[in-house]
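The lines below spell out each chain.
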Amino acid sequence: MIIAPYHLLPQLPESLSGLGELAIDLRWSWSHATDTLWQQIAPELWEQTRNPWLILQNISGDTLQHLAQDKDFIAKLDTFVGKHHEHLTQKGWFSETYPHPPFSQVAYFSMEFGLSESLPIYSGGLGILAGDCLKTASDLGIPLLGIGLLWQQGYFRQSLDDCGRQIELYPYNDPTQMPVTPVRDAEGEWLRLELPFPGRTVILRAWQAQVGRVTLYLLDSNDPLNAPADRGITAELYGGGPENRLQQEICLGIGGWMLLRRLGIQPDICHLNEGHAALAILARAYSHMQDHGTSFPCALTATRAGNIFTTHTPVSAGFDRFPPELLTRYIAGAPGAFGVDVETILALGRENPEDTHEPFNMAWLAIHGSLIVNGVSRLHGAVSRHLFQSLFPRWPEDEVPVIHVTNGVHMPSWDSAEADALWTNHCGKARWLGDLKDIEADFRQTSDGDLWQLRSTARQQVILFARRRLQKQLAAAHAPDQDCENAKTALDPNTLTIGFARRFTAYKRPNMLLNDPDRLYRLLNNPHYPVQLLIAGKAHPKDDVGKVMIQQWTQFLQQHPDLAGRMVFIADYDMLVAEHLVQGVDLWINTPRRPWEASGTSGMKVLVNGGLNLSELDGWWAEAYEPETGWALGDRQEHDADLKWDQQEAQQLYRLLEEEVVPLFYQQRDANGCPCGWVAKIRESMSRLTPRFSSNRMLQEYVSTLYEPAARLLSARSERAIVEGICQWQHDIRQHWQSLHFGELDVQSDTDTHHFQVHVYLDDLDADAVAVQLFANGDGKQNPEIYEMTRGDALTGAINSYNYTCTVPAHSTVESFTPRIIPHREGCMVPMESNEILWYR
Ligand SMILES: *Cc1c(COP(=O)(O)O)cnc(C)c1O
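Residues numbered from 1 in each chain as written. Predicted model: local features only at pLDDT ≥ 70, side-chain atom pairs only at ≥ 80, totals over all residues. Heavy atoms only, no water.

Student: Just checking my understanding: could you explain the site of the ligand for this structure?
Tutor: Surrounding the ligand, one finds 14 residues, the nearest of these being Lys508, Ala578, Thr601, Ser602 and Lys605. Between an oxygen atom of the ligand and a main-chain N or O atom of Thr601, the distance comes to 2.6 Å. Between the ligand and the protein, one listed contact pairs an oxygen atom with a side-chain N or O atom of Lys605 at 2.6 Å. A total of 390 Å² of accessible area belongs to the ligand in isolation, and the protein chains cover 93% of it. Class assignment of the residues belonging to the shell around the ligand gives a composition of five nonpolar, five polar and four charged. Here the shell around the ligand gathers at least three residues from each of two domains, domain 2 (93-407 + 707-715) and domain 3 (493-691). (Near = heavy atom within 4 Å. Polar contact = N/O pair within 3.5 Å; in protein donor to acceptor, adjacent residues only side chain to side chain. Areas by Shrake-Rupley, 256 points an atom, 1.4 Å probe, with all protein chains shown as cover. Nonpolar A, V, L, I, M, F, W, Y, C, P; charged D, E, K, R; others polar. Domains from an automatic or database assignment.)

Right, dumping it as structure tokens:
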């Protein structure tokens with residue numbers, strides 16, 4: 001059978017076939033070795049789009065014939081293709097660090113992936129993180145694949161009308177124009193999945209994108225055989241109502257898992273990037289049930305050890321919740337209805353399993369179906385422990401089982417060519433391919449002159465970009481000719497350039513600088529020490545507050561026409577705009593309300609380029625900030641949405657800019673005009689923070705603190721008897737817990753130690769199923785002390801009761817200690833798998 005290709009590539013002459021291979025691999029989005037090749041083929045298109053796939057689709061037959069005759073070009077192409085093959089088969093950091101790999105395959109599920117503008121299937125930070133994760137896995141040779149959806153519209157595009165109001169546009173993502181190809185089965189047929197939906201079957205088409213050594217699988221429902229409404233399930237990212245969202249999450253979680261099965265891929269780790277994909281937990285357990293003929297609870301116990309949940313929201317309103325009736329309708333239609341009654345499934349998404357009215361919470365499902373949960377910064381870890389506390393009643397918040405892995409960004413994707421060259425000089429070409437230990441010391445050797453040169457070139461480039469964008473925007477909004485003309489010379493290459501780009505939503509306070517418009521005006525228009533501003537950001541189509549804040553900026557500009565050369569609002573914030581901004585600006589400002597920025601990553605992208613941060617002590621900046629590396633806003637406290645506090649912080653922001661940032665940039669210049677204090681800060685920021693907030697560090701931590709432990713737990717459950725033992729233990733704990741109780745407590749103290757002794761009555765529970773501990777300082781202010789108590793003799797005259805003892809150093813008072821009983825079993829996670837706890841008092 002001959003299968004038509006699903007793209008519009010021209011027929012390539014044999015000698016040019018390597019072009020297709022290079023263009024389909026999104027590695028070009030961060031590895032710029034082949035840039036010259038594309039530039040040679042289509043200089044203008046390259047300049048405009050930086051998209052080799054598009055270039056290849058638009059190349060004329062004449063050009064192709066011409067290139068096919070060009071011996072130098074062919075030689076160059078062959079070299080690149082050879083290098084590409086070499087790269088694909090090379091060993092990487094992972095196999096060098098782990099000669100005996102602790103896991104064989106990670107499947108990384110995410111609702112969005114931000115890899116490049118050529119594949120617009122992301123909305124913001126969550127997607128960019130997912131994209132950076134795939135790219136880094138490729139660099140490090142980690143066996144990881146991505147699972148996502150191929151959105152037909154993706155997130156909306158923004159333009160501004162002549163009053164500065166946001167207009168939302170939804171261009172169609174034509175798959176034939178994107179760097180994706182259909183997934184073919186062994187017979188060469190396009191792989192399609194049939195997903196049972198209520199009363200019908202929905203067909204999902206499978207696509208793949210190549211991200212270096214990593215494959216990203218994408219599903220979409222736009223198959224002509226589907227009913228029109230179903231064709232639209234994967235149309236709009238974050239667009240529809242609850243039912244559409246649930247359908248999308250079914251496609252991602254259940255469809256994604258079914259795809260892996262069809263491809264014969266058996267991941268040991270399923271990494272859920274946010275709760276959207278949590279239904280994969282059910283599909284995975286169901287497969288296990290079928291393969292091993294076990295019950296659903298046993299299958300879940302066996303498989304959850306290999307599931308990891310990364311939570312991203314700092315507010316409980318951020319979790320997806322679905323009405324139980326809606327979920328019931330779809331679960332009943334799921335494959336074999338997961339071989340278990342719907343109530344059992346619904347209970348997994350509830351805080352109180354008995355409450356039949358409680359909505360189904362995807363984050364709760366993700367927790368009940370994983371063994372390792374992580375937040376995305378140190379602070380967010382603590383915030384998440386607070387959010388998830390209710391699932392672990394009576395446990396101290398510190399012990400709620402959520403760890404953190406702070407986000408990082410893929411430096412090779414966000415650095416400029418000039419920054420790349422400087423880093424290569426000091427830290428070598430392979431700096432982002434191995435461990436990171438020498439980077440800080442090596443980069444610190446950079447000279448003042450080189451750093452300042454980097455900044456000056458970068459600032460110049462972002463200004464050229466902003467001018468081009470501004471001209472286009474003004475022309476599109478039918479602005480007067482004079483304005484369009486002025487745009488050609490807007491902004492100044494020697495002026496301190498501040499960037500502010502992010503989603504316009506209340507908690508990010510994107511209008512903090514507008515708190516006192518006159519003071520902002522004076523800051524920008526200072527005759528000796530001026531400041532210029534580049535602003536960008538979209539508001540969600542349903543976020544009216546966010547839209548008003550966009551308009552406040554554009555109105556400010558309209559009220560001060562003399563600022564037209566000092567301030568540009570760049571429409572349609574996307575990865576391309578972000579790339580230019582983070583490469584070019586001197587200072588990046590971020591003003592979220594603490595603790596609502598779970599991590600934030602845009603500020604990390606300026607690090608590699610020598611931009612400095614001035615940010616709220618929230619998310620990543622709360623752990624990154626040191627006075628040598630940037631500036632901090634706020635007081636490390638939470639003030640919620642207190643408008644008075646917002647105002648106070650705005651004053652703090654102005655003061656920092658006026659008294660610290662601006663003087664440091666313009667004063668103390670040396671004979672060559674280089675501001676020594678500013679450059680010293682750049683050097684510290686670049687060398688200390690870049691490696692720490694790189695996605696290399698993040699992925700290496702994923703491997704050591706998430707994937708490796710999960711794989712170990714999973715393989716310890718490969719035997720059925722072990723899993724059944726765990727289920728029995730959970731059952732016994734539930735059964736007997738209410739009857740456990742403490743008896744006599746006795747303490748003997750001498751100068752150095754306290755000797756505790758307590759009687760414990762265990763009902764019919766096996767004494768090995770619990771641990772008795774001595775706990776101190778549970779007031780949350782100090783690190784708690786926890787000591788295991790030793791089981792001694794059985795108590796005479798009582799059944800299954802024991803004396804537990806423990807001797808502890810006497811630096812805390814006797815009263816601060818409390819005995820407690822918790823579930824315990826080798827190879828199990830407590831309180832994750834059994835959340836009971838009994839306190840002596
Ligand atoms: C990095 C990035 C984000 C995330 O930015 P935050 O400030 O961390 O929210 C959002 N959108 C785009 C286009 C980005 O490049």
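Student: Please clarify how the UniProt feature "domain: DUF3417" (unreviewed entry) in the protein should be interpreted in this entry.
Tutor: In this structure's numbering, the residues bearing the UniProt feature "domain: DUF3417" (unreviewed entry) are residues 12-119. In residues 12-119, the share of helix is 57% and the share of strand is 5%. The end C-alpha atoms are 23 Å apart. (UniProt positions renumbered as here; feature names shortened; annotations may be inferred. Helix = DSSP H or I, 4+ residues; strand = E, 2+ residues; numbered from the N terminus.)

Student: Sorry if this is basic, but what is going on with the domain arrangement of the protein here?
Tutor: Accessible area lost upon the coming together of the parts is a frequently used measure of interface size. Here the protein is partitioned into domain 1 (5-89), domain 2 (93-407 + 707-715), domain 3 (493-691) and domain 4 (736-839). Its C-alpha centre places domain 3 at a distance of 52 Å from the equivalent point of domain 4.

Student: Honestly, empty space enclosed by the protein in this entry has me stumped. Any pointers?
Tutor: Over the atoms rolls a probe the size of a water molecule, and its path tells where empty space is left. For the coordinates displayed, the defined rule picks out five cavities of 30 Å³ or more. Put simply, the largest cavity is a space of about 60 Å³. The wall of the largest cavity is formed by Glu274, Gly275, His276, Gly318, Phe319, Asp320, Met362 and Ala363. Within the lining of the largest cavity, the residues separate by chemical class into three nonpolar, three polar and two charged. (1 Å grid on protein atoms, 1.4 Å probe; cavity = no way out; pocket = protein on both sides within 12 Å on 5 of 7 lines; lining within 4 Å. Points joined across faces, edges and corners; volume = space filled by probe spheres on them.)

Student: Mind showing me how you'd approach the sheet that holds strand β15 (residues 496-501) here?
Tutor: Pairing is parallel across the open sheet formed by six strands, whose spatial order is β17-β16-β15-β18-β19-β20. Each having just a single partner strand, β17 (567-570) and β20 (630-633) make up the two edges of the open sheet. Looking at each pair of strands side by side, their axes are set apart by 15° on average, direction ignored. In terms of strand pairing, strand β16 (residues 531-536) meets β17 through four bridges, oriented parallel. Opposite Leu533, over in β17, you have Met567 as the bridge partner. Its contacts with the sheet put helix α23 (residues 544-559) on β16 and β17, and the angle it makes with β17 is roughly 145°. (Pairing = 2+ DSSP bridges. Axes fitted to C-alpha atoms, helices over the stretch in contact; angles between N-to-C directions. Contact = heavy atoms within 4.5 Å.)

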